[in-house]
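What follows is the residue order along each chain.
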Amino acid sequence: MHQNEPLRLHVPEPTGRPGHATDFSYLHVSPAGAARRPPIDVSPPETSDLAFALVRVLDDDGNALGPWAPQIELETVRAGLRAMMKTRIFDARMLVAQRQKKISFYMQSLGEEAIGTAQALALNIDDMCFPTYRQQSLLMARDVPLVDLICQLMSNEHDPLKGRQLPVMYSVRKAGFFSISGNLATQFLQAVGWGMASAIKGDTKIASAWIGDGATAEADFDTGLTFAHVYRAPVILNVVNNQWAISTFQTIAGGENTTFAARGVGCGIASLRVDGNDFLAVYAASKWASERARGNLGPTLIEWVTYRAGPHSTSDDPSKYRPADDWARFPLGDPIARLKQHLIGIGAWSEQEHEDTQKALEAQVMAAQKEAEQYGTLANGHISSAAAMFEDVYKDMPEHLRRQRQQLGI
Ligand SMILES: Cc1ncc(C[n+]2csc(CCOP(=O)(O)OP(=O)(O)O)c2C)c(N)n1
């Protein structure tokens, strides 16, 4: 033993940096079909191995393998592919709109489209999702009108949120999409409370909580796990591990030599680590967790292993902190390409259909943007009335806000 050796602080570092390729062996990718599928009434400690494994269905050739291959209608899978494609097209289009100064800010979900899409299709429409800013695929899968979303992004006269929120911070109650907040992790704990309320009322709806790998370092994550475990809340606890939180690698949020799924097991929660770029695995694991929740069997934590393929936001430049070709080397690939390959392989899709769908969705997004722009863009000043700025701070406007509004002469 080196008794007198000076102590050192360990600061985790990614293996890859600009100009130096990432070594992705840290992901411990297992083959498709290898992970076992326990019964839904499994006790949480018995999921320990699954919290360190990787549930996968689609292999590299697009075959669906193993016990997690879901019972799913072909039409639902095709709808899933379309929703993923729509998400990506919408993201690309809005990125351009931000560069053209029509909107002030945008966040893409490139590479993560399967997670929200497949879970939305596995849930009921009245189950409430508590998303972060990177689950627009939930909205796409639930067919929320694109015009409403674009009006929010443009903060124009038809913005459902009246220009009060940063672009992307949608709120679509009737589509089971809880108001996004910029404060990381807060919604994770609130989702647990919503699930508890559903149980207190004797309802049948469940909640779906969302958080990124970085935000798991917030205290609300741990508090959420404690409450979910103690009250056996009907909630799916989704951790999207896309490897990065802006410029910080997931190891600095606690992912080194362990998994985020393992955190659930330690708190007495059934936990799975799943290939987040595998639409069929996402659907199957989400269904499994929803059946547990609906059957009063308790919460499930699912770590979705994926990769944030784009910049963190329109304000970020990833070339400063990670290799430019990182996504191309990521072992779990592209969720859209993988599902496309699977569907073509079973004769349920074709290159032609893909191309036609791509064109039709591009036209749909363009038409929605054109319509939304009629109500104003950031550039032309068609915004909600300034008087609306004072509304909804409280249910009834207090005297001091009334006075402030009068001081503006409106
Ligand atoms: C409480 C709080 N702290 C810091 C921030 C600034 N911030 C915004 S996004 C982000 C990174 C979050 O990363 P992660 O949770 O991994 O999600 P991802 O962006 O990768 O989807 C940070 C630090 C914030 N919005 N709220």
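Details of the structure are given in the entry above.
The text that follows walks through the structure, step by step, so that each part is easy to find.

Cut-off values and rules
Residues numbered from 1 in each chain as written. Predicted model: local features only at pLDDT ≥ 70, side-chain atom pairs only at ≥ 80, totals over all residues. Heavy atoms only, no water. Helix = DSSP H or I, 4+ residues; strand = E, 2+ residues; numbered from the N terminus. Rg over C-alpha atoms; globule rule 2.2 N^0.38 Å. Contact = heavy atoms within 4.5 Å. Lys, Arg positive; Asp, Glu negative; His and termini not counted. Charge placed at Lys NZ, Arg CZ, Asp CG, Glu CD. Patch = residues over 30% accessible without salt bridge, like charges linked within 9 Å, V, L, I, M, F, W, Y side chains within 5 Å. Areas by Shrake-Rupley, 256 points an atom, 1.4 Å probe, with all protein chains shown as cover. Salt bridge = Lys/Arg side-chain N within 4 Å of Asp/Glu carboxyl O. Buried < 20%, exposed > 50% of the residue type's maximum accessible area, 1.4 Å probe, protein only. Pairing = 2+ DSSP bridges. Near = heavy atom within 4 Å. Polar contact = N/O pair within 3.5 Å; in protein donor to acceptor, adjacent residues only side chain to side chain. 1 Å grid on protein atoms, 1.4 Å probe; cavity = no way out; pocket = protein on both sides within 12 Å on 5 of 7 lines; lining within 4 Å. Sits in = over half its atoms within 2 Å of the grid points. Nonpolar A, V, L, I, M, F, W, Y, C, P; charged D, E, K, R; others polar. Points joined across faces, edges and corners; volume = space filled by probe spheres on them.

### Some words on the overall build of the protein chain
So, point 1. Scanning the protein chain from terminus to terminus reveals 13 helices and 7 strands.
So, point 2. Taken against the 2.2 N^0.38 rule, which gives 22 Å for 410 residues, the C-alpha radius of gyration of the protein chain at 22 Å falls within 12% of a compact globule.
So, point 3. Oriented by its inertia axes, the alpha-carbon framework of the protein chain measures out at about 75 × 55 × 55 Å.
So, point 4. Long-range pairs, those at least 24 residues apart, make up 75% of the contacts in the protein chain with a sequence separation of at least 6.
So, point 5. With 39 positive and 46 negative side-chain charges, the protein chain shows a separation of 5 Å between the mean positions of the two kinds.

### A short note on a nonpolar patch on the surface
So, point 1. The grouping of L9, V11 and I252 at the surface amounts to a nonpolar patch, some 340 Å² of accessible area in total.
So, point 2. Along the chain, I252 turns up in the loop between β5 (248-249) and α8 (261-266).

### Things to note about the pairing of strand β6 (residues 270-275)
So, point 1. The element β6 is extensively covered by neighbouring structure, given that 6 of its 6 residues are classed as buried.
So, point 2. Of the two faces of β6, the one holding A270, L272 and V274 and the one holding S271, R273 and D275 are both buried throughout.
So, point 3. In this structure, β6 lies alongside strand β7 (residues 300-305), joined through 6 bridges in parallel fashion. Its bridge partner being in β7, A270 is matched across the sheet by T300.

### Quick notes on the site of the ligand
So, point 1. Neighbouring the ligand are 15 residues, the closest being Y133, R134, G182, G214 and W244.
So, point 2. One nitrogen or oxygen atom from the main chain of G214 is found 2.8 Å from an oxygen atom belonging to the ligand.
So, point 3. At 2.9 Å from an oxygen atom of the ligand is found a side-chain nitrogen or oxygen belonging to N242.
So, point 4. The pocket occupied by the ligand, as judged from atoms lying within 2 Å of grid points, is the largest pocket.
So, point 5. For the shell around the ligand, a count of residues per class yields 6 nonpolar, 6 polar and 3 charged.

### Some remarks on the layout of surface pockets
So, point 1. As a volume, the largest pocket reaches approximately 420 Å³.
So, point 2. Contributing to the lining of the largest pocket are 29 residues, with Y133, R134, L184, A215 and H312 lying nearest its centre.
So, point 3. Taken together, the residues of the lining of the largest pocket break down into 15 nonpolar, 10 polar and 4 charged.
So, point 4. Taken as a whole, the second largest pocket holds about 360 Å³ of empty space.
So, point 5. What lines the second largest pocket is a set of 22 residues, among which Y26, Q250, G255, N257 and T258 lie closest to the centre.

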